[in-house]
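What follows is the residue order along each chain.
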Amino acid sequence: MNADSDGSDTGVQADLPEDEGQWSARLRRAAVNALPPGRLLPDRQPAYVASWIYVFGALTLAALAIVVLSGMVLAIEGPTWWHLSRVGLFVNSMHMWSVELFFFFMVVHLWGKFFMAAWRGRRRATWITGVLAFVVSIAAAFTGYLSQQNFDSQWIGTQAKDGINATGAGAFFNVLNFGQMLVWHVLLLPLVVGFVVVVHVLLVRRHGVVPPFAPDPGDLVAPEVVASAADRSVTR
Amino acid sequence: MTFPQELAGRLAQAIINLNGPGRYVHWGFIQISVANLVVIALMIVVFVAAILVPFPRRSGGGR
């Protein structure tokens, strides 16, 4: 029986000893060891997390949620609706402006993390998944511009084709193929962005937020030095 | 269009007129739209503000 110190069933260990070697039991143990519930959803954070810089990571997630929700509505209703109806124009604009805010917040978050060298302390994977999220989001936004179904998307497609073809990617990524760009935009790239963002957030939970830089030794003054300086100033 | 909607539309137009071709800034080989330049400037302003503006703390304090 799996019992915690208070006798409650933790549900982590297998019910029967002979099941401990099963892949499901091993995967469950590995997942809980990597991310115990208290670390996955902590009640408190270190004092240095009380900074506006960290708010921008959360704002990026909030903007992404609006992007996904408004995109789902657009996918349900279709281009005639988002170009011609009042509500459609509103949702279309909301989708575009939430993407603008998504990138805005993500770049501020990126600058903050860069100047804090947030890859320190075995946090390289957290940094790399953030970079991946940024790069894949650019591709998702690009295919979104190509999926608008208007003169703007035609202009962007015809301007981009030569550059894309020059890289050789045009063989499998044809910016003039609307159906292909739409599927990349509404299925493949959102899946990749969503997956990378989830992994990024889980890594932040696993390794924690990077602590501030340690002060230079020259900046540190021992208390006895301060006290002796104070004594000298008094005696003079 | 009803009167409040028309009024709201006219007010929005009065703030900034986006109904026309974009304006671009040229500096050597660098060419960037004014809209993108404004967004970059805003990001820098917000970034500096995020560093300088004190974060409100709950009474009793965190860990």
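In this text, all values refer to a predicted model and were calculated from it rather than measured experimentally.

A. Highlighting the overall build of chain A. Secondary structure assignment for chain A yields nine helices and zero strands. Listing each helix as α and each strand as β along chain A from the N terminus yields α-α-α-α-α-α-α-α-α. Residue burial in chain A is summarised as follows: out of 236 residues, 20% are buried. Within chain A, residue pairs in contact and separated by at least 24 positions form 66% of the contacts whose partners lie at least 6 positions apart.

B. Geometry of the overall build of chain B. Along its length, chain B carries two helices and two strands. Across the 63 residues in chain B, those meeting the buried criterion constitute 2%.

C. Spotlight on the environment of Gly22 of chain B. Residue and element names in this part refer to chain B. Summarising the element assignment, Gly22 is placed in the loop between helix H1 (3–15) and strand E1 (24–27). Separated by 35 residues in sequence, Gly22 and Arg57 place their C-alpha atoms 43 Å apart. Setting aside anything within four residues of it in sequence, one finds Gly22 in contact with Ser33 and Ala35.

D. Molecular detail of the packing of helix H3 (residues 52–77) of chain A against helix H5 (residues 86–115) of chain A. Residue and element names in this part refer to chain A. Close contact between H3 and H5 brings their axes to 8 Å; oriented N to C, the two are set at 155°. Taken together, the axis directions place H3 and H5 in an arrangement best described as roughly antiparallel. Once H3 is placed against H5, the crossing between them reads as left-handed. When the residues that make up the contact of H3 with H5 are grouped by side-chain class, the tally is 17 nonpolar, 10 polar and one charged.

E. Spatial organisation of the pairing of E1 of chain B. All names here are of chain B. The sheet contact formed by E1 and strand E2 (residues 30–33) spans four bridges and is antiparallel. Across the sheet, residue Trp27 finds its bridge partner in E2, namely Ile30. Taking the residues that link successive antiparallel strands as the turn, the E1-E2 hairpin has two residues, and the phi of Gly28 there is positive, at about 65°.

F. Geometry of the nonpolar core. Judged by nonpolar contacts, Phe56, Ala63, Leu64, Val67, Val99, Phe102, Phe104, Phe105, Met106, Val108 and Leu110 of chain A together with Phe47 of chain B together constitute the single largest core of 12 residues. Looking at this core, the elements that each hand over two or more residues are H3 and H5 of chain A. With seven residues, H5 of chain A is the largest single contributor of residues to this core. Listed in part, the 10 residues of the second largest apolar core include Val136, Val175, Trp184 and Leu189 of chain A.

G. Just the interface of chain B and chain A, in detail. Between chain B and chain A, the contact holds 11 residues from the first and 14 residues from the second. Considered class by class, the residues forming the side of chain B that touches chain A number eight nonpolar, one polar and two charged.

H. Structural view of H3 of chain A. The terminal C-alpha atoms of H3 of chain A, which comprises 26 residues, lie 38 Å apart, in line with the 38 Å expected from a rise of 1.5 Å per residue. Here H3 of chain A has its buried residues at Phe56, Gly57, Thr60, Ala63, Leu64, Val67, Ser70, Gly71 and Leu74 of chain A. Of the surrounding secondary structure, the elements contacted by the buried residues of H3 of chain A are helix H4 (79–84), H5 and helix H8 (178–207) of chain A together with helix H2 (34–52) of chain B.

I. Expanded view of unusual backbone geometry. Residue and element names in this part refer to chain A. Unusually for a residue other than glycine, Ala117 sits at a positive phi of about 50°. Even without being a glycine, Gln149 presents a positive backbone phi close to 65°. Considering the arrangement of structural elements, one finds Gln149 in the loop between helix H6 (124–146) and helix H7 (151–167).

J. Quick peek at the confidence of the model for chain B. Residues and elements named next belong to chain B. When pLDDT is averaged across chain B, the result is 82; 78% of the residues are at 70 or more. Ranking the elements of chain B by mean pLDDT puts H1 last with 68 and H2 first with 95. Scored as a complex, the prediction yields pTM 0.82 and ipTM 0.78.

K. Local environment of H2 of chain B. In this model, H2 of chain B (19 residues) spans 27 Å end to end at C-alpha, consistent with the 27 Å of a helix rising 1.5 Å per residue. Counting buried positions over the 19 residues of H2 of chain B gives one, only a small fraction of the element.

L. Looking closely at the environment of Val25 of chain B. All names here are of chain B. Considering the arrangement of structural elements, one finds Val25 in strand E1. Taking the number of C-beta atoms within 10 Å as the measure of exposure, Val25 has 11 and is therefore exposed. For the pair Val25 and Leu37, spaced 12 residues apart in sequence, the C-alpha to C-alpha distance is 8.6 Å. Sequence-distant contacts of Val25, that is, excluding residues within four places in its chain, are made with Ile32, Val34 and Leu37.

Rules used in this analysis
- Residues numbered from 1 in each chain as written.
- Chains lettered and ligands numbered in written order.
- Predicted model: local features only at pLDDT ≥ 70, side-chain atom pairs only at ≥ 80, totals over all residues.
- Helix = DSSP H or I, 4+ residues; strand = E, 2+ residues; numbered from the N terminus.
- Buried ≥ 20, exposed ≤ 12 C-beta atoms within 10 Å, placed from the backbone.
- Contact = placed C-beta atoms within 7 Å.
- Axes fitted to C-alpha atoms, helices over the stretch in contact; angles between N-to-C directions.
- Parallel < 35°, antiparallel > 145°, perpendicular 65-115°, else oblique.
- Left-handed = near helix turned anticlockwise from the far one by under 90°.
- Nonpolar A, V, L, I, M, F, W, Y, C, P; charged D, E, K, R; others polar.
- Pairing = 2+ DSSP bridges.
- Core = buried A, V, L, I, M, F, W, Y, C linked by C-beta atoms within 7 Å.
- Expected span 1.5 Å × (residues − 1).
- pLDDT = per-residue confidence, 0-100.

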